[in-house]
Amino acid sequence: MNRNLLISLVDKVVRVDRGGPESRIGKLLTAGDDHFVLLTEKDGLVYYKTQHIKSITINSRDAMEFNVEVPADDSYLLPSDFKAVVSNLHHHWVKVNRGGPEMLEGIMEEVTDDYITIFAKDEIIRLAMYHVRNISLGTKKAEEEKSENNKDNANIDTANNNNTANNNNTANNKGRNARNRKR
């Protein structure tokens, strides 16, 4: 995809790639020399490397549904090239190559001309820069973990309350049994 084509699609809702796990619908916000920024409902801001894009679709009859508020111009990165985008995400939680079998999620540790290093769980992963198709800040994962932690804490509180009630019932039953034996 060349830059002039992408610039002509800025502020339009498009589908990147026709289908599959990497396909996304979103609003094209800006285009650089070798990348563009797509605002999606599910993943937020996604930075795509243009060399890996197979197709971009515009629905000319009916607009594709898209109900996301566009962020201010200064809230997303506008570097001149894709490596600069990736470098600006250093020490952030990122999601790389979303949706496919090569999807990674973790903390971006190192960025070189040849590869990026991501810490994911107990692994240190080095991914060739050439194979980075898209990248975004991984804020969705953090929000999901917070909601899961809140659910877990609520479940623990409920379990603790149930255990306390069971312990009280057991103590009351023991007391009754002891009184009944004395009679």
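If you're wondering where the values come from, they're calculated on a predicted model, not measured in any experiment. (Residues numbered from 1 in each chain as written. Predicted model: local features only at pLDDT ≥ 70, side-chain atom pairs only at ≥ 80, totals over all residues. Heavy atoms only, no water.)

Looking at the overall build of the protein chain
Across its full length, the protein chain holds 3 helices and 10 strands. The secondary structure elements of the protein chain, listed N-terminal to C-terminal, are α-β-β-β-β-β-α-β-β-β-β-β-α. Out of the 183 residues in the protein chain, the part that is buried amounts to 36%. Residue pairs in contact within the protein chain that sit at least 24 positions apart in sequence constitute 53% of those at least 6 positions apart. A total of about 11,700 Å² of accessible surface is found on the protein chain, and carbon and sulfur atoms cover 45% of it. (Helix = DSSP H or I, 4+ residues; strand = E, 2+ residues; numbered from the N terminus. Buried < 20%, exposed > 50% of the residue type's maximum accessible area, 1.4 Å probe, protein only. Contact = heavy atoms within 4.5 Å. Areas by Shrake-Rupley, 256 points an atom, 1.4 Å probe, with all protein chains shown as cover.)

Structural notes on the side chain of threonine 57
Relative to the elements of secondary structure, threonine 57 occurs in strand β5 (residues 56-57). Residue classification places threonine 57 among the buried residues on the basis of a relative accessible area of 18%. At a separation of 3.0 Å, a polar atom in the side chain of threonine 57 contacts the side chain of arginine 18. (Polar contact = N/O pair within 3.5 Å; in protein donor to acceptor, adjacent residues only side chain to side chain.)

Here we look at the sheet that holds strand β7 (residues 104-111)
Pairing within the open sheet is antiparallel, and its 10 strands lie in the order β5-β1-β2-β3-β4-β10-β6-β7-β8-β9. Since the sheet does not close on itself, it has two edges, and those belong to β5 and β9 (123-128), each with one partner. For strand β8 (residues 115-120) and β9, the ladder comprises 6 bridges, and the chain directions are antiparallel. In the sheet register, isoleucine 116 faces β9, and the bridge partner there is leucine 127. (Pairing = 2+ DSSP bridges.)

As for unusual backbone geometry
At aspartate 11, a residue that is not glycine, the phi angle is positive and equals roughly 70 degrees. Assignment of secondary structure puts aspartate 11 in the loop between α1 (3-8) and β1 (13-16). In this structure, lysine 121 is a non-glycine residue whose phi angle is positive, near 55 degrees. Looking at the secondary structure, you find lysine 121 in the loop between β8 and β9.

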